[in-house]
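# A closer look at the structure
Residues per chain are reported as follows:
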Amino acid sequence: ESGWNIGVKGTWLATRAVLRPMVRARSGTIVNVLTAAVHGHPPKGFAAYATAKHALRGMTLALAAEYRSLGIRVFSVSPRFMLTALTAAWDERLVESIRSGASGSHPVDAAQRVRELVTNVSTPGSGEDYEV
């Protein structure tokens, strides 16, 4: 439940808080953070996480459809597995199982890519998802 409350409800509430000023300014960018797992089969045991991230994908597409014509760019980014303070506490076997299929993303590299996408005026912001 906490993943849903933080990942979906929290994103929705934060987005609602910034939409009105963005609409008034006819400018703004909303970036939702998904996961590379939305592009394939998620690892076993991650049904709740994958469901929340797919909900965010739907939210990204819906917001882009509703607000792009008002000058607001909306897109998402999907990093691969990242070793963070949260994932560092996971069982080592689980981490290796997830990482065995593909290389991971480094948090700093992912953040730099998001910054590039946000500051690049040619990033459409029409609901696209970028792997980082």
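For the structure itself, consult the block above.
Residues numbered from 1 in each chain as written. Predicted model: local features only at pLDDT ≥ 70, side-chain atom pairs only at ≥ 80, totals over all residues. Heavy atoms only, no water.

## Considering the overall build of the chain
Each helix and strand counted, the chain has five helices and three strands in total. The N-to-C order of helical and strand elements in the chain reads α-β-α-β-α-α-α-β. Relative to its length of 132 residues, the chain is compact, with a C-alpha radius of gyration of 16 Å against a globular reference of 14 Å. Along the longest, intermediate and shortest principal axes, the C-alpha atoms of the chain span 50 × 30 × 25 Å. (Helix = DSSP H or I, 4+ residues; strand = E, 2+ residues; numbered from the N terminus. Rg over C-alpha atoms; globule rule 2.2 N^0.38 Å.)

## What to know about the nonpolar core
Membership of the largest hydrophobic core comes to 13 residues, with the highest contact counts inside it found for I30, I72 and V74. Residue assignment for this core shows that the elements contributing at least two residues are α1 (2-25), α2 (47-67) and β2 (72-78). With five residues, the top contributor of residues to this core is α2. Setting aside anything within four residues of it in sequence, one finds I72 in contact with L19, M22, V23, S27, G28, I30, Y67 and G125. F75, V77, L117 and Y130 belong to the second-largest nonpolar core, a separate cluster that totals six residues. (Core = buried A, V, L, I, M, F, W, Y, C linked by side-chain atoms within 4.5 Å. Buried < 20%, exposed > 50% of the residue type's maximum accessible area, 1.4 Å probe, protein only. Contact = heavy atoms within 4.5 Å.)

## Overview of the pattern of salt bridges
Tallied over the full model, the rule gives one salt bridge. Linking R113 and E116 is a salt bridge whose minimum nitrogen-to-oxygen distance equals 3.5 Å. Of this pair, R113 and E116 are both found in helix α5 (residues 107-119), three residues apart, which corresponds to roughly one turn of the helix. (Salt bridge = Lys/Arg side-chain N within 4 Å of Asp/Glu carboxyl O.)

## Points about α2
Taking 1.5 Å per residue, 21 residues should reach 30 Å; α2 reaches 30 Å between its end C-alpha atoms and fits that length. Burial in α2 covers these residues: A50, A52, K53, L56, M59, T60, L63 and A64. (Expected span 1.5 Å × (residues − 1).)

## Digging into the packing of aromatic side chains
Under the criterion given, the structure shown has one aromatic pair. With a centroid separation of 5.6 Å and an interplanar angle of 90 degrees, the aromatic rings of F75 and Y130 are classed as edge-to-face. Of this pair, F75 sits in strand β2 while Y130 is found in strand β3 (residues 126-131), placing the two residues 55 residues apart along the sequence. (Phe/Tyr/Trp six-rings, centres within 6.5 Å; stacked < 30°, edge-to-face > 60°.)

## Re the sheet that holds β2
Consider a sheet: its strands pair through backbone hydrogen bonds, and that pairing is either parallel or antiparallel. Here we have three strands laid out as an open sheet, ordered β1-β2-β3, and parallel in their pairing. Edge positions in the sheet fall to β1 (28-33) and β3, since each has one partner strand and no second. Taken over all neighbouring pairs, the strand axes of this sheet differ in orientation by 25 degrees on average, direction set aside. In this structure, β2 lies alongside β3, joined through four bridges in parallel fashion. Each bridged residue has a counterpart across the sheet, and for V77 the counterpart in β3 is Y130. Along the sheet, α5 contacts β1, β2 and β3; its crossing angle with β2, the most-contacted strand, is approximately 160 degrees. (Pairing = 2+ DSSP bridges. Axes fitted to C-alpha atoms, helices over the stretch in contact; angles between N-to-C directions.)

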